[in-house]
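Summary of the model geometry
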Amino acid sequence: MITPLPHLASMAPYALADLAAAEGKRLVSLSQNESFRPPSPMVAQAMRDASEAPHLYPDPDWSDLRHALADLHGLNAGQILCGNGSLDLIGCLARTYLSAGGAALAPEHAYPFFRIATETTGARFDTAEETDLCADIDALLAAVKSDTKIVFIANPGNPTGTRRSGADLRRLREALPATVLLVIDEAYGEFADHLHQPLFDMVNRGDTLVLRTFSKAYGLAGMRVGWGYVPGPVAAEMRKVMNPNNVALLGQVAALAALKDQDYMGATCQETAALRSRFVTRMRTAGIDVPESHTNFALLRFASAEAAQRMDHALRSEGVLLRGQGGAGLPECLRATVGVADDMDLAAELIETQVLEEMS
Ligand SMILES: Cc1ncc(COP(=O)(O)O)c(C=O)c1O
């Protein structure tokens with residue numbers, strides 16, 4: 001008999017988005033935190049130009065992309081690693097630093113892939129309570145154990161959308177033991193960059209790294225490109241466990257072109273915030289609890305898990321898909337990604353109608 005590793009047998013797989021549309025309805029997916037609009041037009045042109053050489057392997061060292069990122073953010077190109085999405089880099093980190101007998105720690109309602117990546121290595125995944133659906137620095141510090149190897153924190157967080165200030169993250173780092181690697185996942189960083197000084201300088205300490213992605217503000221979720229700013233020795237170890245051709249040719253070309261159009265990305269962030277704010281106001285007016293979001297989604301909190309399920313069902317029957325959050329320990333919540341204005345209006349109308357029905 002073929003048997004998997006014992007710790008895998010007891011693990012639940014990552015809960016994929018259920019993208020099945022209701023019969024005869026237009027599918028409106030607000031479920032995967034994709035950008036509400038395609039990337040800069042410069043991306044399509046660059047991809048067309050590059051599509052003539054698919055028989056060649058991509059640059060395994062992502063040289064053009066790393067240097068462009070370094071120039072833009074004022075970083076050392078030698079400390080940048082690119083991944084097949086930032087998921088790839090989270091997986092590499094887990095494989096590099098975790099194993100049975102070690103543990104990773106994250107806030108209670110953290111991005112579920114932190115747990116998956118941790119548990120696939122046989123390590124334990126610990127969580128620390130949050131305050132008002134936001135990472136609690138003191139609770140994280142209190143939850144550190146002698147075998148804690150990594151602290152994962154997404155800032156802003158997914159699915160909460162909430163954030164801690166740069167000063168809070170610096171305080172967390174100062175107080176963590178030097179043996180603990182702090183992973184600051186800024187997948188939604190571009191939506192919140194105006195709120196604090198960049199944290200990339202923390203990487204110079206040697207015990208902290210910052211992850212970013214092209215999947216959100218740059219609108220390239222389908223191209224699968226993430227990157228990390230990583231201490232040199234950490235980068236050297238991660239490269240040992242990394243797929244050496246992890247970012248496809250078109251992904252690299254697309255990311256580079258998107259990076260060059262900062263105005264477009266900035267406009268995406270602004271328009272996302274305007275669409276989000278209009279939707280959140282409607283949701284709060286309808287009596288739904290919505291924490292302050294600094295991302296391209298909003299978390300809707302209902303009275304109970306059953307109420308969230310009924311809402312999900314009502315929306316699905318009209319083709320509108322949000323994302324249940326049982327996997328993040330929030331079964332009473334649904335997460336709504338910011339979509340185009342018409343889709344947000346449709347979702348808001350359906351939710352308002354269902355709220356009224358629940359009250360009658
Ligand atoms: C907090 C966080 N980190 C990482 C990712 C993974 O992003 P990607 O692999 O597309 O770069 C996501 C995607 O939703 C996310 O929400």
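Definitions and limits used
- Residues numbered from 1 in each chain as written.
- Predicted model: local features only at pLDDT ≥ 70, side-chain atom pairs only at ≥ 80, totals over all residues.
- Heavy atoms only, no water.
- UniProt positions renumbered as here; feature names shortened; annotations may be inferred.
- Helix = DSSP H or I, 4+ residues; strand = E, 2+ residues; numbered from the N terminus.
- Domains from an automatic or database assignment.
- Contact = heavy atoms within 4.5 Å.
- Buried area = accessible area lost by both parts, 1.4 Å probe.
- Salt bridge = Lys/Arg side-chain N within 4 Å of Asp/Glu carboxyl O.
- Polar contact = N/O pair within 3.5 Å; in protein donor to acceptor, adjacent residues only side chain to side chain.
- Expected span 1.5 Å × (residues − 1).
- Buried < 20%, exposed > 50% of the residue type's maximum accessible area, 1.4 Å probe, protein only.
- Pairing = 2+ DSSP bridges.
- Near = heavy atom within 4 Å.
- Areas by Shrake-Rupley, 256 points an atom, 1.4 Å probe, with all protein chains shown as cover.
- 1 Å grid on protein atoms, 1.4 Å probe; cavity = no way out; pocket = protein on both sides within 12 Å on 5 of 7 lines; lining within 4 Å.
- Sits in = over half its atoms within 2 Å of the grid points.

Going by the annotation in an unreviewed UniProt entry, the name recorded for the protein chain is histidinol-phosphate transaminase, with Roseovarius phycicola given as the source organism. Listed under Cofactor (unreviewed entry) in UniProt, the entry text for the protein chain is "pyridoxal 5'-phosphate".

Attention now moves to unusual backbone geometry. Asn 155 connects to Pro 156 through a cis peptide bond whose omega is -5°. Residue position: Pro 156 is located in the loop between strand E7 (148–154) and helix H7 (166–175). Of note in this structure, Trp 62 is not a glycine but carries a positive phi near 45°. Checked against the element boundaries, Trp 62 lands in the loop between helix H2 (41–50) and helix H3 (63–73). Non-glycine residue Leu 133 carries a positive phi angle of around 60°. Relative to the elements of secondary structure, Leu 133 occurs in the loop between strand E5 (130–131) and strand E6 (134–135).

This part takes up the domain arrangement of the protein chain. Per the domain assignment, the segments of the protein chain are domain 1 (22–38 + 263–359) and domain 2 (41–260). Here the C-alpha centroids of domain 1 and domain 2 sit 26 Å apart. Taken together, the contact between domain 1 and domain 2 spans 25 residues of the former and 25 residues of the latter. Carbon and sulfur atoms make up 68% of the area that domain 1 and domain 2 hide from each other, which totals about 1,900 Å². For the interface between domain 1 and domain 2, the tally reads zero salt bridges. Remark: the boundary between domain 1 and domain 2 carries five residue pairs in polar contact (both at pLDDT 80 or more). Listed by contribution, the elements that provide at least two residues to the side of domain 1 that touches domain 2 are helix H11 (262–285), strand E11 (297–301) and strand E14 (330–337).

What follows deals with helix H10 (residues 249–260). Between the first and last C-alpha of H10 there are 17 Å, a value that for 12 residues agrees with the 16 Å anticipated at 1.5 Å per step. For H10, a buried count of nine out of 12 residues is recorded, marking the element as mostly surrounded by other parts of the structure. Those residues of H10 lying buried are Gly 251, Gln 252, Val 253, Ala 254, Ala 255, Leu 256, Ala 257, Ala 258 and Leu 259. In this fold, the buried residues of H10 make contact with H2, H3 and H11.

This brings us to the UniProt feature "domain: Aminotransferase class I/classII large" (unreviewed entry) in the protein chain. Residues annotated in UniProt with the feature "domain: Aminotransferase class I/classII large" (unreviewed entry) correspond here to residues 27–348. For residues 27–348, helix accounts for 40% and strand for 19%, while the C-alpha atoms at its two ends are 16 Å apart.

With that settled, the discussion passes to the side chain of Thr 272. Relative to the helices and strands, Thr 272 resides in helix H11. The class for Thr 272 is buried, based on a relative accessible area of 2%. For Thr 272, the residues in contact, after removing those within four places along its chain, are Phe 36, Phe 191, Thr 295, Asn 296 and Val 338.

A few words on the pairing of E14. The buried fraction of E14 amounts to seven of the eight residues, a majority that puts the element mostly inside the structure. As paired elements, E11 and E14 share five bridges and run antiparallel to each other. Directly across from Phe 297, in E14, lies its bridge partner Thr 337. Bridge analysis of strand E13 (residues 323–325) against E14 gives three bridges, and the strand direction is antiparallel. Paired with Gln 325 across the bridge in E14 is Leu 330.

Time to look at helix H5 (residues 112–119). Every buried residue of H5 is accounted for by Phe 113, Phe 114, Ile 116, Ala 117 and Thr 118. In this fold, the buried residues of H5 make contact with helix H4 (86–97), strand E3 (103–107), strand E4 (124–128), E7 and strand E8 (181–185).

Taken together, the neighbourhood of the ligand is formed by 13 residues, with Ser 86, Asn 158, Asp 185, Thr 213 and Ser 215 sitting nearest. In this structure, Asn 158 approaches the ligand through a side-chain N or O atom, which is 2.7 Å from an oxygen atom. At 2.7 Å from an oxygen atom of the ligand is found a side-chain nitrogen or oxygen belonging to Tyr 188. Surface burial for the ligand is 94%, taken as the share of its 390 Å² of free accessible area covered by protein chains. Taken atom by atom, the bulk of the ligand overlaps the largest pocket.

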